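Coordinate inspection notes
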Amino acid sequence: MYDYIKGILTKITAKYIVVEVGGIGFILQVANPYAYSGDMNQQVTIYTHQVIREDAHLLYGFRTEAEKSVFLNLISVSGIGPTTALAIVAVDDNDGLVRAIEQKNITYLTKFPKIGKKTAQQMVLDLEGKFVLSEQAEVPSLAVEESANTALNEAMEAMEALGYRPAELKKIKKFFEGTTDTAENYIKSALKMLMK
């Protein structure tokens, strides 16, 4: 129903962002909410996909049309819902995902949260040869403004919202303790570590 929303970014939480358009705040479920930290109180364009369930009407948001396309391909696979697809998109390694699907690398695919062997095999079956990736727009690096503990805690909360287990996150958090970075960068680094 909606292709994109253009408005002012007014709120960032671990699970979603809020974009105000014409006095209405739209809740958008996004892969990495803290990636939008540099856009706070500024106009943003978010590509969207609406999911209507019996108990909820949800909007999923993406920085680029390519990211949205990957999400739409993923939710077309039996056994992959929007939350799981969002967790896969959050890894921000579309080339690795496509390579794993084309090479039938089930081991790589099962590293994503809630993706077992059967679903990984279904991904290969349904998506092989379907991905066409365009260049993604670069997201500028953010200056480190947050305290390390706050940023790290926010990152772990966001990853738990994506479906990663607390036991996995505890190890990741311990690895990053004592470092200083933004929540966005912690999430990106942690996701890369989990995919190795």
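As recorded in an unreviewed UniProt entry, the chain goes by the name Holliday junction branch migration complex subunit RuvA, listed as coming from Streptococcus zhangguiae. Among the UniProt annotations of the chain, the heading Sequence similarities (unreviewed entry) holds the following wording: "Belongs to the RuvA family." Check the Subcellular location (unreviewed entry) section of the UniProt entry for the chain; it says "Cytoplasm".

Turning next to the overall build of the chain. Secondary structure assignment for the chain yields eight helices and five strands. In sequence order, the chain lays out its α and β elements as β-β-β-β-β-α-α-α-α-α-α-α-α. Against the compact-globule benchmark of 16 Å for 196 residues, the chain has a radius of gyration of 17 Å, which places it among compact chains. The principal-axis extent of the C-alpha atoms belonging to the chain is close to 45 × 45 × 35 Å. Looking at the chain residue by residue over its 196 residues, the buried ones come to 43%. Of all intrachain contacts in the chain linking residues separated by at least 6 positions in sequence, the fraction that spans at least 24 positions is 58%. As displayed, the chain offers around 10600 Å² of accessible surface, 48% of which is attributable to carbon and sulfur atoms. The averaged location of the 24 negative side-chain charges in the chain is 8 Å from the averaged location of its 21 positive side-chain charges.

Here we take up the pairing of strand E1 (residues 4-12). Across five bridges, E1 lies against strand E4 (residues 43-52) in antiparallel orientation. By the bridge assignment, glycine 7 is partnered in E4 with valine 44. As judged from the four bridges shared by E1 and strand E2 (residues 16-21), these two strands associate in the antiparallel manner. From the neighbouring strand, isoleucine 12 faces E2, where its bridge partner is isoleucine 17.

About the cut-offs
- Residues numbered from 1 in each chain as written.
- Predicted model: local features only at pLDDT ≥ 70, side-chain atom pairs only at ≥ 80, totals over all residues.
- Heavy atoms only, no water.
- UniProt positions renumbered as here; feature names shortened; annotations may be inferred.
- Helix = DSSP H or I, 4+ residues; strand = E, 2+ residues; numbered from the N terminus.
- Rg over C-alpha atoms; globule rule 2.2 N^0.38 Å.
- Buried < 20%, exposed > 50% of the residue type's maximum accessible area, 1.4 Å probe, protein only.
- Contact = heavy atoms within 4.5 Å.
- Areas by Shrake-Rupley, 256 points an atom, 1.4 Å probe, with all protein chains shown as cover.
- Lys, Arg positive; Asp, Glu negative; His and termini not counted.
- Charge placed at Lys NZ, Arg CZ, Asp CG, Glu CD.
- Pairing = 2+ DSSP bridges.

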